[in-house]
Amino acid sequence: MAGALALMLLALFLSPLPRDLAQRKSGSSLRLTDREGRLLQERVLGSGGRGQWVELRDVSLYLVQATIAVEDRRFFRHWGVDPLAVMRATTQALRSRRVVSGASTLTQQLVRAAYHLPRRWWAKPVEMALAVKLELTLSKEEILTQYLNRVPYGNGTIGAEAAARLYFAKPALHLTLPEAALLAGLPQAPARYDPYRNRDAAKRRQELVLRAMLRCGAIDSARFAEARAAELTFSPAERSLAAPHFCDWLLVNRKALHLPHAGTVRTTIDLPLQQKIELLLRSHLRLLADRNVTNAAAVILDNEDVAVLAMVGSADYFDELNHGQVNGCLCLRQPGSTIKPFTYGLALEHGRTAADIVPDIETHAATAGGDFRVHNYDRLFHGPVRLRVALACSYNVPAVRLLEELGTELLLAKLRAAGFASLTKPATYYGLGLTLGNGEVSLLELTRAYCALAHGGWVRREKVLLGQQNADSSRIFAPQVAYLLTHILADREARMGAFGEGNALELPFPCAAKTGTSKDYRDNWALGYTTRYTVGVWVGNFSGEAMHKVSGITGAGLLFRDILLLLHRENWPAPFAAPPGLVEREICARSGERPGPYCRGTVREVFIAGTEPTRMCSVHRPFVVHEAEHQAIGRGGLQVYEVWPPLYERWMVEAGLPRPPRVPVAPRAEHSPTEPQLPVITFPDNGDIYKVDPVLRPEYQTLDLEAVLPQGVKTVSWWVNDSLWCTVQHPFRARWRLVPGRHRFQVSAETEHGVVASSPVHILVL
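None of these values were measured; they are calculated from a predicted model.

## Structural notes on the packing of helix α10 (residues 199-215) against helix α11 (residues 221-229)
Closest axis-to-axis distance for the α10/α11 pair is 10 Å, and the angle between their directions is 170°. Taken together, the axes of α10 and α11 lie roughly antiparallel to each other. Facing Lys203, Gln206, Glu207, Leu210, Arg211 and Leu214 of α10, the residues of α11 in contact are Ser221, Phe224, Ala227 and Arg228. Here the residues of the contact of α10 with α11 sort into four nonpolar, two polar and four charged.

## So, the pattern of salt bridges
Taken as a whole and assessed by the stated rule, the structure comprises 32 salt bridges. Across the salt bridge formed by glutamate 405 and arginine 352, the nearest N and O atoms sit 2.7 Å from each other. With glutamate 405 in helix α17 (residues 396-406) and arginine 352 in the loop between α15 (340-349) and β8 (357-360), the pair connects residues that are 53 residues apart, well separated along the chain. The shortest N-O distance in the salt bridge between arginine 492 and glutamate 493 comes to 3.0 Å. When its relative accessible area of 30% is taken as the criterion, arginine 492 is described as partly exposed. Residue glutamate 493 is classed as exposed on the basis of its relative accessible area of 55%.

## Focus: the environment of arginine 266
By the secondary structure assignment, arginine 266 is in strand β5 (residues 263-266). Not counting residues within four places of it along the chain, the set of residues in contact with arginine 266 comprises Thr33, Asp34, Arg35, Glu36, Gly37, Leu465 and Leu466. Within the structure, the side chain of arginine 266 is placed 3.2 Å from the backbone oxygen of arginine 35, a separation counted as a polar contact.

## Description of the environment of alanine 229
Relative to the assigned elements, alanine 229 resides in helix α11. Taking C-alpha positions, alanine 229 is 9.6 Å from glutamate 207, a pair spaced 22 residues apart along the chain.

## Focus: unusual backbone geometry
Despite not being glycine, histidine 258 shows a phi value in the positive range, around 60°. Relative to the assigned elements, histidine 258 resides in the loop between α13 (254-257) and β5. Residue class for histidine 258 comes out exposed when judged on its relative accessible area of 69%. Positive phi is not limited to glycine here, since asparagine 292 has a value of about 60°. If you trace the backbone, asparagine 292 turns up in the loop between α14 (271-287) and β6 (295-302).

## Some thoughts on the sheet that holds strand β24 (residues 702-708)
If you trace the three strands from one edge of the open sheet to the other, you get β22-β24-β27, paired in antiparallel fashion. Because the sheet does not close on itself, it has two edges, and the strands there are β22 (680-683) and β27 (734-737). Pairs of neighbouring strands in the sheet enclose a mean axial angle of 35°, with direction left out of account. Across three bridges, β22 lies against β24 in antiparallel orientation. In the strand pairing of β24, valine 680 is matched with valine 708.

## Quick notes on the pairing of β27
Residue alternation in β27 divides its side chains into a buried set, Ala734 and Trp736, and an unburied set, Arg735 and Arg737. Bridge count between β24 and β27: four bridges; the pairing is antiparallel. Each residue of the ladder has a partner; that of aspartate 704, found in β27, is arginine 735.

## Examining α14
Under the 1.5 Å per step criterion, the end-to-end length of α14 is 25 Å for 17 residues, consistent within 8% with the ideal 24 Å. Inspection of α14 places Leu271, Leu273, Gln274, Ile277, Glu278, Leu280, Leu281, His284 and Leu285 among the buried residues, and these make up the whole buried set. Of the surrounding elements, those touching the buried residues of α14 are β2 (39-43), β6, β7 (307-312) and α23 (556-567).

## Re the side chain of arginine 74
Within the secondary structure, arginine 74 sits in the loop between α3 (61-71) and α4 (83-96). For arginine 74, a relative accessible area of 14% gives the class buried. There is a polar contact of 2.9 Å between the side chain of arginine 74 and the side chain of aspartate 82.

## Focus on the sheet that holds β5
Sheet strands line up and pair through hydrogen bonds in the backbone, either parallel or antiparallel. Strand order across the open sheet formed by three strands is β2-β1-β5, with mixed pairing between neighbours. Sheet topology places β2 and β5 at the edges, where each strand pairs with a single neighbour. On average, each strand axis in the sheet is tilted by 20° relative to the strand beside it, whichever way the strands run. Packed on one face of the sheet, helix α12 (residues 244-252) meets β1 (30-33) and β2 and runs near 45° to β2.

Rules of the game
Along each chain, the written sequence defines residue order, and numbers are assigned to residues from 1. Local features in a predicted model are, by the rule used here, given only for residues with pLDDT of at least 70; side-chain atom pairs are given and counted only at 80 or more, and totals for whole chains, interfaces and linings are based on all residues. Excluding hydrogens and water, the side-chain values take into account all heavy atoms of the structure. Whenever a helix is involved, its axis is fitted only over the stretch in contact; in every case the axis is a line through C-alpha atoms, and angles between N-to-C directions fall within 0 to 180 degrees. Helix and strand labels come from DSSP, where a helix needs a run of H or I of at least four residues and a strand needs a run of E of at least two; each type is numbered from the N terminus. Any angle that falls under 35 degrees is termed roughly parallel, while one over 145 is termed roughly antiparallel, one within 65 to 115 roughly perpendicular, and all others oblique. Every residue pair with non-hydrogen atoms within 4.5 Å of one another is taken to be in contact. Put simply, Ala, Val, Leu, Ile, Met, Phe, Trp, Tyr, Cys and Pro go in the nonpolar bin, Asp, Glu, Lys and Arg in the charged bin, and everything else, Gly too, in the polar bin. Counted as salt bridges are all cases of a side-chain nitrogen of Lys or Arg within 4 Å of a carboxyl oxygen of Asp or Glu. Classification of residues uses two cut-offs on accessible area relative to the type maximum, computed with a 1.4 Å probe and protein chains only: under 20% is buried, over 50% is exposed, and between them is partly exposed. As used in this structure description, the phrase polar contact means that two N or O atoms lie within 3.5 Å; if the pair is within protein, one of them must be able to donate a hydrogen and the other to accept it, and residues adjacent in sequence are counted only when both atoms belong to side chains. One bridge is not enough; two strands pair if DSSP finds at least two bridges between them. Here a helix's expected span is defined as the number of its residues, less one, multiplied by 1.5 Å.

See the structure below:
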């Protein structure tokens, strides 16, 4: 046994030094800084700590003297092992039958740290043999340098330089005597003497170090008394963890980012901006505390190179009660209505325009979990709305109906192309609820996707390191489509119907913005961009607990607004520039078609060239009110009414809107005394296209057939596909249920000139 141990010790003694010790400076840490070189974090990768290598000349003499005095006062007189210390420790252990004091020299402690030797009896001979070898290989100054750069000082610091910067926010060279004495006492038991958690124990240990210095003559009694009475001021613990969520994210992805093990790496973070956003976030959460809101997160991207300027993952990284170390920028949550712009972008790609009318009426949608009735946030239906207004006001029903028309598979593919890698389920899993945000995504993914809209449809991976090249970009929308979405999301007038005047998204400069609220108020969001920055904000609880009626506009929206005001405090951003290929036209504000003589209001709308409307407004129509109806409606003569397709019939009834009266006005024509006047079908129009709604009950999917007849006619016949369908009297209207296919309508009447018939009207029902 003894022989085997002797052979092992001999082999160790003859073996070369570990490469770490031979390289001298291998204990250096990786330093993450902001874009201007300001320190964010230091870490020794693999050791779980942070450190920065310094030469012995860059360490305070007080720290060198204190370390030798308390750990190894005969350091310069032994060869790695101190026989006197061994004898003293052995005698004390025999008398007390327990370990009273150690006998390890600084050299032995360095060996233990370099070789990661355990504190076991059998490791002692190995430790001693290697200590002697180290003394024969390195000078005393080199051993001291290695020791002061390798031993742990607590709170994740490795080496004196990192410890000095953590605890006192200064380099090790500038440590005072009281500060040096405190640091010298930490390596023996860093957790026990932690000055942040156990200030009294750290103070007692500091006094012990000062007494050791006094005994060995390093200081006199006056200096001892002065240092003992000195009050130490410690740097806040979190000061060494600037942008902690961002740094954690980088280190987790260290291999993918090709981060070195040591050295200085400049990130894209703007530390002063990061700290201002943290303060803004905390102040807003204080205002929402009584609404059961405990956390928030924010991401800011520079549009020019998609660089991450700020990433705040939670209100307080050190708040264990509210899961502060969770990174709210990366965790997956339901995004609510912030997904809708991508649905509308698809619609614009597939021939829709911002002036198109989309139905906001009672609708049911299917998901993997079953059908659900689609509600708007205000619990109202708004009937026919222009696509621009539907998106700006974030109505749910039009978005669902558009997705039903386009297909969930198409939207899912578009979202994945935009960088939503977290949407891993098939389209059937999400169903039509995908456009309402039932698929969980991260705030960073959302912010990146909105940045693509700011970039004219080009999506690029965010940049986190200065000098880093963006990954290959890909286009998710044509620049004209991206601009139309931007124009709508920045339209103050269009969103006013849902959000009112003076809402959180109103800013004194052009800004495209969208809010979102998930089911039961568990998450709310605000995403948007100017020409310079893209900002994403999330507000909620990491526990998943619901907030008390806090929506995207009242929660995340307020923080979003203040961040944008901070970003553009000195210089307002330029307006969004329109790409070529767009035209602007005047349209009827209600129908979205070319204004007619009876339209009550017009607006300017932007179109992709070639998609602008050509048909005159068919919604506003004049009607003659008969004398018998004058008293009922309080007016007579020619009146203009809105005439909508049968799809809106139930909505008009429930909304209490005025229905058109009996006889519409027909264009005047010159007739000879003997030439009979022909009937004219006024609805539907020739060439109209309709679609059977698979969700709406069939009895609500009808056309009101309308016609103007010659004077004196009392009965007319409606013909559908050359077959007599019905015979009706004044007011000559009939209701026909939609049937897929091509259909031909005519109306005939018997007059004094005989039977006369209208020109045929052809329609298509899909």
